[in-house]
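The primary structure of each chain is shown beneath.
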Amino acid sequence: LCPQGQLLAKSWSSLFEGQAGAAPRGPIYSFNGRNVLTDPLWPRRLAWHGSTPRGGQARRRDCQGWRSSGAGEGLAAPLGEGRLLAGQRHNCSEA
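Note that the coordinates shown come from a computational prediction; the quantities given were computed from them, not determined experimentally.

A.B. asks: What exactly am I supposed to notice about the overall build of the chain here?
C.D. replies: A count of helices and strands for the chain gives two helices and three strands. Across the chain, helices and strands are ordered from the amino to the carboxyl terminus as α-β-α-β-β. Looking at the 95 residues of the chain, the share that counts as buried comes to 34%. Partitioning the intrachain contacts of the chain with sequence separation of at least 6 by distance along the chain shows that 45% fall at a separation of at least 24. Accessible surface, the chain as shown: approximately 6000 Å² in total, 50% of it carbon and sulfur.

A.B. asks: Hey, could you run me through the pattern of salt bridges in this one?
C.D. replies: Per the stated rule, a full pass over the model turns up three salt bridges. The closest approach of N and O atoms between Asp 39 and Arg 34, which form a salt bridge, is 2.9 Å. Judged by relative accessible area, Arg 34 falls into the partly exposed class, the value being 33%. Note that Arg 61 and Glu 73 form a salt bridge whose closest N and O atoms lie 3.3 Å from each other. With a gap of twelve residues between them, Arg 61 in the loop between strand S1 (46-48) and helix H2 (63-66) and Glu 73 in strand S2 (residues 73-78) connect regions that are remote in the sequence.

A.B. asks: Would you mind going over the sheet that holds strand S3 (residues 88-91) with me for this structure?
C.D. replies: Sheets are built from strands paired through backbone hydrogen bonds, the pairs being either parallel or antiparallel. One open sheet holds the three strands; their spatial order is S1-S2-S3, and the pairing between them is antiparallel. Of all strands in the sheet, those with a lone pairing partner are S1 and S3, marking the two edges. Strand-to-strand, the axes of this sheet are offset by a mean angle of 50°, without reference to chain direction. Two elements, S1 and S2, share three bridges in a ladder whose sense is antiparallel. Opposite Ala 47, over in S2, you have Ala 77 as the bridge partner.

A.B. asks: Can you help me understand the state of the cysteines in this one?
C.D. replies: Structurally, a disulfide amounts to a covalent bond that connects the sulfur atoms of two cysteines. Enumeration over the complete set of coordinates arrives at one disulfide. Residue pairing for Cys 63: its cysteine sulfur links by disulfide to Cys 92, the two sulfurs lying 2.1 Å apart. A torsion of -100° about the S-S bond marks the disulfide between Cys 63 and Cys 92 as left-handed. In this pair, Cys 63 is assigned in helix H2 and Cys 92 in the segment after S3, connecting sequence segments 29 residues apart. With respect to class, Cys 63 is no different from Cys 92; both count as buried.

Conventions and cut-offs
- Residues numbered from 1 in each chain as written.
- Predicted model: local features only at pLDDT ≥ 70, side-chain atom pairs only at ≥ 80, totals over all residues.
- Heavy atoms only, no water.
- Helix = DSSP H or I, 4+ residues; strand = E, 2+ residues; numbered from the N terminus.
- Buried < 20%, exposed > 50% of the residue type's maximum accessible area, 1.4 Å probe, protein only.
- Contact = heavy atoms within 4.5 Å.
- Areas by Shrake-Rupley, 256 points an atom, 1.4 Å probe, with all protein chains shown as cover.
- Salt bridge = Lys/Arg side-chain N within 4 Å of Asp/Glu carboxyl O.
- Pairing = 2+ DSSP bridges.
- Axes fitted to C-alpha atoms, helices over the stretch in contact; angles between N-to-C directions.
- Disulfide = S-S within 2.5 Å.

Structural data, given as structure tokens:
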């Protein structure tokens, strides 16, 4: 996910610690130019990361190194809540 010249967050730590104003400021674009906060192609609006809350690798929670869309779990965080490394489990086959 990448912004196109917009301020994504007030500070680096606010992205990961859920501080005030931590929710990413839209729009946020996918690599193919779609605004993930409004485009119907992105119904869940998740940032998939596969990391622990402290930024380490969450083994067996990264959809097999992001190569699988089948059985298994990955960790993702809702984009509108801040705390990008929140560890919510999601099935790797989710859109």
